[in-house]
Protein chains: 2
Amino acid sequence: MLRARDAGRRPVMLAIAGDSAAGKTTLTKGLVECLGEDRMTAVCVDDYHRYDRKERVGKPFTALHPDCNHIDIMEQHLQLLSMGEPILKPVYDHATGELVRPELVTPKDFVIVEGLLPLHTRLARACFDITVYLDPPEPLRHSWKQQRDCGKRGYTPEQVQAELDRREPESAAYIRPQRRWADIVVRFAPVAGRVDPPGTPLSAELLLRPTIDHPDLAGVLAEAGPAGAETAMHLSLHRDDDGRPVDALHVHGYVQPNESEIVKKAIWERVGQRTGDGRLDPDALGRFGEGTSDPLAITQLLLLYHLLDADHRQAA
Amino acid sequence: MLRARDAGRRPVMLAIAGDSAAGKTTLTKGLVECLGEDRMTAVCVDDYHRYDRKERVGKPFTALHPDCNHIDIMEQHLQLLSMGEPILKPVYDHATGELVRPELVTPKDFVIVEGLLPLHTRLARACFDITVYLDPPEPLRHSWKQQRDCGKRGYTPEQVQAELDRREPESAAYIRPQRRWADIVVRFAPVAGRVDPPGTPLSAELLLRPTIDHPDLAGVLAEAGPAGAETAMHLSLHRDDDGRPVDALHVHGYVQPNESEIVKKAIWERVGQRTGDGRLDPDALGRFGEGTSDPLAITQLLLLYHLLDADHRQAA
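What you see is a predicted model; the values in this text were computed from it and never measured.

Draft legend 1. A look at the sheet that holds strand 6 (residues 130-134) of chain B. Residues and elements named next belong to chain B. As summarised here, the arrangement of the eight strands in space is 2-5-1-6-7-8-10-9, forming an open sheet in which the pairing is mixed. Each edge of the open sheet is held by one strand with a lone partner, namely strand 2 (40-44) and strand 9 (233-239). Geometrically, the sheet is characterised by an average inter-axis angle of 20° between neighbouring strands, direction not taken into account. By the bridge criterion, six bridges tie strand 1 (residues 12-18) to strand 5 (residues 110-115) in an arrangement that is parallel. Of the residues in strand 5, the one forming a bridge with A17 is G115. The sheet strands contacting helix 3 (residues 71-82) are strand 1, strand 2 and strand 5, and the helix crosses strand 1 at an angle near 145°. Those strands touched by helix 9 (residues 294-315) are strand 1, strand 2, strand 5, strand 6, strand 7 (184-189), strand 8 (203-208), strand 9 and strand 10 (245-251), and its axis lies near 165° from that of strand 7.

Following this line, the structure appears as structure tokens:
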């Protein structure tokens, strides 16, 4: 059984970095719901703006720029959370563009920190047990941002496109370089060359860097059956863009649900070796908007494995 | 010459604790103006309210109660400031009773922390080099609060009295016990038994506890001349209410200005031994409202001595 956190025991810290509308909140939400809010604290670090929306008018940078944010205070707060200390976190109201009353955040056993710049500095990175970068193809991310900002935030498509253009140099300079520091790089995308029926979930490609210990995937893959187009998952050795070796785990969105079930079950078993307490809610995984996605669920399961594994190691 | 603060050198931290309208801001203001805002940061710790004014309605305590404040965050921020780290300090708007956008505070060479509860906990006290408690007689403090709250904050005298009554149990339980932890207890009051012309400044009684090294007062007193009613200052050995021995420094408000000048000059010389840089503004001391007070100036001079002495010791 997972023990109550001992006095002085530190929370397990997971970073989920990525550009605007890359899917950070979706990924985070399933993890929080699966582990339970009594054990997990989610923090968005996009609230550390130095200027409110009015003050930013005429400034030579967008909200993405480190100079537009209290990076030193973000670092300080990440350090405090990683030591199990509470923080009084600033709050930026995305609806009004105003900085408002800060809120008390008390870290529970697990802390997920998502946002634009959680991996920007060395000190911030040092606070995390597991680091993730969400790396969808840019056209896909742009369409997600269009959907969200026009749908929920009341912008016109032209406004969103103008904002994307304005932000692009800073995305390139500050957001995307964080990919390099991730233990796991997650890319949801359709598989090139396939034409699948509408509604087919996106596949996921997960680059697993040898910077943390990944679960025994050979065993999972053996259970999934011989590699092939109809298997839910396969693993291949890659060189990343920068020449560094990585494992690439391909999770196929187009396979029959029973194929995905075999993989999910196999990973659940490995998660179960880390926690026998049955307090996890498997139904929380894979949800996005109104639908569900097995590649998303499998990605979350892998992260869950890492969270519980880091916790287990601390306890050992 | 006072050197620029070396990397890793910590600010000198001074606490000024006391009840509402005890004179904390007046005392602080002169010190900041004398040392200069480029070298001194003043922080009020009455902004760590857990609830805004609306939320406090119906709560079984006033804003004075530790449970009504983020004491743990105040402690954390005091620790950070004492290590030279910036904080994002919460801000309570006393005009509207709302908690608003926090502000960045970067500690300079000297940090004055004034407020209701800076000495409430052991951890908070440990952050200070010098601790002061302002201890005016209660009737005097009540009249100051009436003046201020009716004049500047728009309350009626009845409202202010009702608030004083409501706060009294918590003043007794949480504010006044901090007197025990002060290196210097400052009491401005008329001298019992004297009838002085209107406009005569209040005298000051300073209890100097042997918890820090006070300046060579014997020398100052010798310069001031033989103890007597017309001398600006005299020292006497006391037992405090709790039986502990203290020096009581009596600074007389009713003496001729030239008598006070002698004492001020003598203390300035001792301050000068700590700093030869001439960057201090002596005219900033002793000001309150539209008037000036030599006992206030002498009190501030003593605190200035301690600030510079603590800085000097760090550098040594």
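That was the structure; now back to the text.
Draft legend 2. Main features of the sheet that holds strand 10 (residues 245-251) of chain A. Residue and element names in this part refer to chain A. Taking strand neighbours across the sheet as the criterion, the eight strands line up as 2-5-1-6-7-8-10-9 in an open arrangement whose pairing is mixed. The open sheet has two edge strands with one neighbour each: strand 2 (40-44) and strand 9 (233-239). Neighbour to neighbour, the strand axes of the sheet diverge by 20° on average, direction disregarded. One ladder, built from five bridges, connects strand 1 (residues 12-18) with strand 6 (residues 130-134); its direction is parallel. By the bridge assignment, L14 is partnered in strand 6 with I130. Packed on one face of the sheet, helix 1 (residues 24-35) meets strand 1, strand 2, strand 5 (110-115) and strand 6 and runs near 165° to strand 5.

Draft legend 3. Here's a closer look at the packing of aromatic side chains. Residue and element names in this part refer to chain A. In the structure shown here, the tally under the stated rule is two aromatic pairs over all chains. With centroids separated by 6.3 Å and ring planes inclined at 25°, the aromatic side chains of Y51 and F61 adopt a geometry described as stacked. Of this pair, Y51 sits in the loop between strand 2 and helix 2 (53-56) while F61 is found in the loop between helix 2 and helix 3 (71-82), placing the two residues 10 residues apart along the sequence. Directly above the ring of W181 sits R125, whose terminal nitrogen or CZ lies 3.6 Å from the centroid. In this structure, R194 is placed above the aromatic ring of Y254, and the distance from its NZ or CZ to the ring centre is 3.4 Å.

Draft legend 4. Quick peek at the pairing of strand 8 of chain B. Residues and elements named next belong to chain B. A large share of strand 8 lies buried, amounting to five of its six residues. Here strand 7 pairs with strand 8 via six bridges, running antiparallel. By the bridge assignment for strand 8, R187 is matched with E205.

Draft legend 5. The interface of chain A and chain B, seen in detail. Each partner contributes residues to the interface: chain A has 19 residues there, and chain B has 19 residues. Taken together, the two surfaces of chain A and chain B that pack against each other cover about 1600 Å², and 60% of this comes from carbon and sulfur. When residues of chain A are sorted by the area they lose upon contact with chain B, A:Q76, A:L88 and A:R101 head the list and together hold 38% of the total. Where chain A packs against chain B, one counts four salt bridges. Counting the contacts that link chain A with chain B gives eight residue pairs in polar contact (both at pLDDT 80 or more). Elements supplying a minimum of two residues to the side of chain A that touches chain B: helix 3, strand 3 (87-93) and strand 4 (98-105) of chain A. Considering each element in turn, the side of chain A that touches chain B owes the most residues, five residues, to strand 4 of chain A.

Draft legend 6. Up close: the domain arrangement of chain A. Residues and elements named next belong to chain A. For chain A, the assigned domains read domain 1 (11-181) and domain 2 (183-316). Centre-to-centre, using C-alpha coordinates, domain 1 lies 24 Å away from domain 2. Counting residues at the interface gives 28 residues for domain 1 and 34 residues for domain 2. Across the domain 1 to domain 2 interface the summed buried area is about 2700 Å²; carbon plus sulfur atoms make up 61%. It is C34, R39 and R179 in domain 1 that bury the most area against domain 2; as a group they hold 22% of the surface buried on that side. For the pair domain 1 and domain 2, the interface holds three salt bridges. A salt bridge links R287 to E33, with the nearest nitrogen and oxygen atoms 3.3 Å apart. Inspection of the region where domain 1 meets domain 2 yields 13 residue pairs in polar contact (both at pLDDT 80 or more). Considering each element in turn, the side of domain 1 that touches domain 2 owes the most residues, seven residues, to helix 1. Along the lines of polarity and charge, the residues of the side of domain 1 that touches domain 2 split into 18 nonpolar, three polar and seven charged.

Criteria and cut-off values
Residues numbered from 1 in each chain as written. Chains lettered and ligands numbered in written order. Predicted model: local features only at pLDDT ≥ 70, side-chain atom pairs only at ≥ 80, totals over all residues. Heavy atoms only, no water. Pairing = 2+ DSSP bridges. Helix = DSSP H or I, 4+ residues; strand = E, 2+ residues; numbered from the N terminus. Axes fitted to C-alpha atoms, helices over the stretch in contact; angles between N-to-C directions. Contact = heavy atoms within 4.5 Å. Phe/Tyr/Trp six-rings, centres within 6.5 Å; stacked < 30°, edge-to-face > 60°. Lys NZ or Arg CZ within 6 Å of the ring centre and 35° of its normal. Buried < 20%, exposed > 50% of the residue type's maximum accessible area, 1.4 Å probe, protein only. Buried area = accessible area lost by both parts, 1.4 Å probe. Salt bridge = Lys/Arg side-chain N within 4 Å of Asp/Glu carboxyl O. Polar contact = N/O pair within 3.5 Å; in protein donor to acceptor, adjacent residues only side chain to side chain. Domains from an automatic or database assignment. Nonpolar A, V, L, I, M, F, W, Y, C, P; charged D, E, K, R; others polar.

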